[in-house]
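# Coordinate inspection notes
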Amino acid sequence: MNKEVAEYINDLLSERETLMEERKYDTNQWQSIPELEADLKEDTEWELGMIYQAQKAMDYIIEEDV
């Protein structure tokens, strides 16, 4: 993988992270269904963790390709 591809993937991850952060703090639509709220919160936290790990991997690739 080259630097340009890693930078592009990092941009996509950043956009997805923004969406997940918005979902994390906008749970009003799910509050009437506690089971869904708990699942949504857990899934959001998991995905944010995966995004963080993927961004770190892309950063490593970008630094190594210099």
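As a starting point, this report considers the structure included with it. Keep in mind it's a predicted model, so treat the numbers as computed, not measured. (Residues numbered from 1 in each chain as written. Predicted model: local features only at pLDDT ≥ 70, side-chain atom pairs only at ≥ 80, totals over all residues. Heavy atoms only, no water.)

A count of helices and strands for the protein gives two helices and zero strands. Its C-alpha radius of gyration of 15 Å places the protein more than 25% over the 11 Å reference for a compact globule of 66 residues. Across its three principal axes, the protein shows a C-alpha extent of roughly 50 × 15 × 15 Å. The buried share among the 66 residues of the protein stands at 20%. (Helix = DSSP H or I, 4+ residues; strand = E, 2+ residues; numbered from the N terminus. Rg over C-alpha atoms; globule rule 2.2 N^0.38 Å. Buried < 20%, exposed > 50% of the residue type's maximum accessible area, 1.4 Å probe, protein only.)

Tallied over the entire structure, the rule returns two salt bridges. Between R16 and E47 there is a salt bridge whose closest N-O contact spans 2.7 Å. Highlighted residues: R16 in helix 1 (residues 3-25) and E47 in helix 2 (residues 34-64), separated in sequence by 31 residues. (Salt bridge = Lys/Arg side-chain N within 4 Å of Asp/Glu carboxyl O.)

Note on helix geometry: an α-helix contains 3.6 residues per turn, so any two residues three or four positions apart are oriented the same way. For helix 1, with 23 residues, the first-to-last C-alpha span of 33 Å sits near the 33 Å given by 1.5 Å per residue. Listed as buried for helix 1 are A6, N10, L13 and M20. Considering only its buried residues, helix 1 is in contact with helix 2. Capping of helix 1 at its N-terminal end is provided by N2; its side-chain oxygen lies 3.3 Å from the backbone amide nitrogen of E4. (Expected span 1.5 Å × (residues − 1). Contact = heavy atoms within 4.5 Å. Polar contact = N/O pair within 3.5 Å; in protein donor to acceptor, adjacent residues only side chain to side chain.)

Quick look at the side chain of Q55 now. With respect to the secondary-structure elements, Q55 resides in helix 2. For Q55, a relative accessible area of 13% puts it in the buried group. When near neighbours in sequence (up to four residues on either side) are disregarded, Q55 contacts N10, L13, S14 and E17.

All right, on to the packing of helix 1 against helix 2 then. Where helix 1 contacts helix 2, the axes come no closer than 9 Å and their chain directions differ by 160°. With respect to helix 2, the axis of helix 1 lies roughly antiparallel. Regarding helix 1 and helix 2, the two cross each other, and that crossing is left-handed. Looking at the contact of helix 1 with helix 2 residue by residue, the classes come out as eleven nonpolar, four polar and eleven charged. (Axes fitted to C-alpha atoms, helices over the stretch in contact; angles between N-to-C directions. Parallel < 35°, antiparallel > 145°, perpendicular 65-115°, else oblique. Left-handed = near helix turned anticlockwise from the far one by under 90°. Nonpolar A, V, L, I, M, F, W, Y, C, P; charged D, E, K, R; others polar.)

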